[in-house]
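Coordinate analysis (summary)
Spelled out from the first residue to the last, the chains are:
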Amino acid sequence: KLLLKESLENVHVLEEKIKSKKWEKEVLVQKMTATEQKKEKAERKLAVAIQDIQQKVGFNNLLLEKKLETINQDLETTHAALREIINSSNLPPEVIGNLNTIEDVTAKKQREIEEEQDKSVKLRKCY
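Notes on the structure in this doc start here.

Conventions we followed
Residues numbered from 1 in each chain as written. Predicted model: local features only at pLDDT ≥ 70, side-chain atom pairs only at ≥ 80, totals over all residues. Heavy atoms only, no water. Helix = DSSP H or I, 4+ residues; strand = E, 2+ residues; numbered from the N terminus. Buried < 20%, exposed > 50% of the residue type's maximum accessible area, 1.4 Å probe, protein only. Areas by Shrake-Rupley, 256 points an atom, 1.4 Å probe, with all protein chains shown as cover. Salt bridge = Lys/Arg side-chain N within 4 Å of Asp/Glu carboxyl O. Patch = residues over 30% accessible without salt bridge, like charges linked within 9 Å, V, L, I, M, F, W, Y side chains within 5 Å. Expected span 1.5 Å × (residues − 1).

1. Concerning the overall build of the protein
Regarding its fold elements, the protein presents two helices and zero strands. Across the 127 residues that make up the protein, the buried fraction comes to 9%. Approximately 11,300 Å² of the protein is accessible, and the part contributed by carbon and sulfur atoms is 60%.

Below you can see the structure in the form of structure tokens.
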């Protein structure tokens, strides 16, 4: 009888431990589910943020390209007008020689514009 009583007490203790472990498991499963939901929500927010940034970068690149086109057109117009003025002015060659430095400045500015265009292309490739 004593052995049976001890065995029943052990069974009772083990059943309590099982109930306790099941409860702990349920709590952990709920915590894991909540954590997974938070993770999925954060991933969705990140995806939306990345998409938003890509749109903004694309728009900014488009604006930069349009600005560069406008600058290039203005530069070409100015250069053509300057050539016409120089050709129609009948200036002595010494003075025209000094005006060539304006062409050098214009060429330098053109190179700078091309460098900015290259940077824009590189930035676009990064995104």
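2. Structural notes on the pattern of salt bridges
Side-chain pairs of opposite charge can arise where the charged atoms are in close proximity. Taken as a whole and assessed by the stated rule, the structure comprises four salt bridges. Linking Glu 24 and Lys 21 is a salt bridge whose minimum nitrogen-to-oxygen distance equals 3.8 Å. In this pair, Glu 24 and Lys 21 are both assigned in helix α1 (residues 2-89), three residues apart and thus about one turn of the helix distant. Taking the relative accessible area as the measure of exposure, Lys 21 reaches 52% and is therefore exposed.

3. Things to note about a nonpolar patch on the surface
Judged by side-chain polarity, Phe 59, Leu 62 and Leu 63 come together as a nonpolar surface patch covering roughly 280 Å² of accessible area. Within the secondary structure, Phe 59 is located in helix α1.

4. Structural notes on α1
One full turn of an α-helix is made of 3.6 residues, so residues set three or four places apart face in the same direction. With 88 residues, α1 extends 127 Å between its outermost C-alpha atoms, agreeing within 8% with the 130 Å of an ideal straight helix rising 1.5 Å per residue. The set of residues buried in α1 consists of Val 57, Asn 61, Leu 68, Asn 72, Leu 75 and Ile 86. At the C-terminal side of α1, Asn 90 shows a positive phi close to 55 degrees.

5. Quick notes on the environment of Ile 71
Here Ile 71 lies in helix α1. Owing to a relative accessible area of 41%, Ile 71 belongs among the partly exposed residues under this scheme. For the pair Ile 71 and Ile 113, spaced 42 residues apart in sequence, the C-alpha to C-alpha distance is 8.5 Å.

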